[in-house]
Amino acid sequence: MSTNIRPYLDQMPKLGERVYIDESARVIGDVVLGDDVGVWPFVVIRGDVNFIRIGDRTNVQDGTVIHVSHDGPHAKLGGFATVIGSDVTIGHKAIIHACKIADACLVGMGSCVLDGAVIQQHGFLGAGALLPPGKVMGEGEMWLGAPAKFVRKLSDAEIDALFYSASHYVKLKDEYLTGVPRER
């Protein structure tokens, strides 16, 4: 068994087809990765006290930490799982903690998404932003800052760019898996 894909107690991660997990990354516990997911260097995805689900064609870039929260005397009843949709790009060194991110979103480099927060479809959270606990970003919205605040709606071209980002990382992930360069 690979040391970078590990169980927590009796929960072993489940991987879809054509998943790339860098040898320096760690995927632990009750985690399900969809098809064509890319998990880049030094990422930690730890599903121990709750579960993590990541949809197809999502990429989790270098140094990101994805975790969950548990049920307890000072936590929401049941805690919060982390659920990330398909075609999501999570930038370098993000912290994704016990939240929901819908399909075709971008979480910028160094951003932090906290317990119970929600990023709805086509959401764009800028680099270095902090999305506070329980905050909900609307569909197709750009939020910036710490704490993050609504800035504007995304254009159709910007939404198309979210899908481009996800497909670009699928192709890059395939190069890492196969060792065969794509056409440039």
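Under an unreviewed UniProt entry, the name given to the protein is Carbonic anhydrase/acetyltransferase isoleucine patch superfamily, and the organism recorded is Solilutibacter silvestris.

Attention shifts here to the pairing of strand S6 (residues 44-54). Two faces, one strand: in a regular strand the side chains alternate between the faces of the sheet. Note: strand S4 (residues 26-33) against S6, seven bridges, orientation parallel. If you follow Val32 over to S6, its bridge partner there is Arg53. Taken together, the two bridges between S6 and strand S8 (residues 65-67) define a ladder with parallel strand orientation. Note that in S8 the partner of Val44 across the bridge is Val65. Where S6 meets strand S9 (residues 82-84), three bridges bridge the pair, whose relative direction is parallel. Its bridge partner being in S9, Ile52 is matched across the sheet by Thr82.

As paired elements, strand S16 (residues 124-125) and strand S19 (residues 141-144) share two bridges and run parallel to each other. Residue Phe124 lies in a different strand from S19, and its bridge partner there is Met142. Of the pairings in the sheet, the one linking S19 to strand S20 (residues 149-153) comprises four bridges and is antiparallel in character. Bridging from a neighbouring strand, Trp143 pairs with Phe150 of S20. Counting the residues that bridge the hairpin from S19 to S20 gives four residues, and of these Gly145 lies at a positive phi of roughly 100°.

Further remarks concern the side chain of Asn4. As for its position among the elements, Asn4 is in the segment before strand S1 (5-6). A distance of 2.9 Å separates the side chain of Asn4 from the backbone oxygen of Asp22, its partner in a polar contact. Among all residues touching Asn4, those that are not within four sequence positions of it are Ile21, Asp22, Glu23, Ala25, Arg26 and Val27.

With that settled, consider the sheet that holds strand S3 (residues 20-21). An order of S3-S5-S7-S10-S13-S16-S19-S20 is seen for the eight strands of this open sheet, with the pairing classed as mixed. Among the strands making up the open sheet, the edge pair consists of S3 and S20.

Conventions adopted
Residues numbered from 1 in each chain as written. Predicted model: local features only at pLDDT ≥ 70, side-chain atom pairs only at ≥ 80, totals over all residues. Heavy atoms only, no water. Pairing = 2+ DSSP bridges. Helix = DSSP H or I, 4+ residues; strand = E, 2+ residues; numbered from the N terminus. Polar contact = N/O pair within 3.5 Å; in protein donor to acceptor, adjacent residues only side chain to side chain. Contact = heavy atoms within 4.5 Å.

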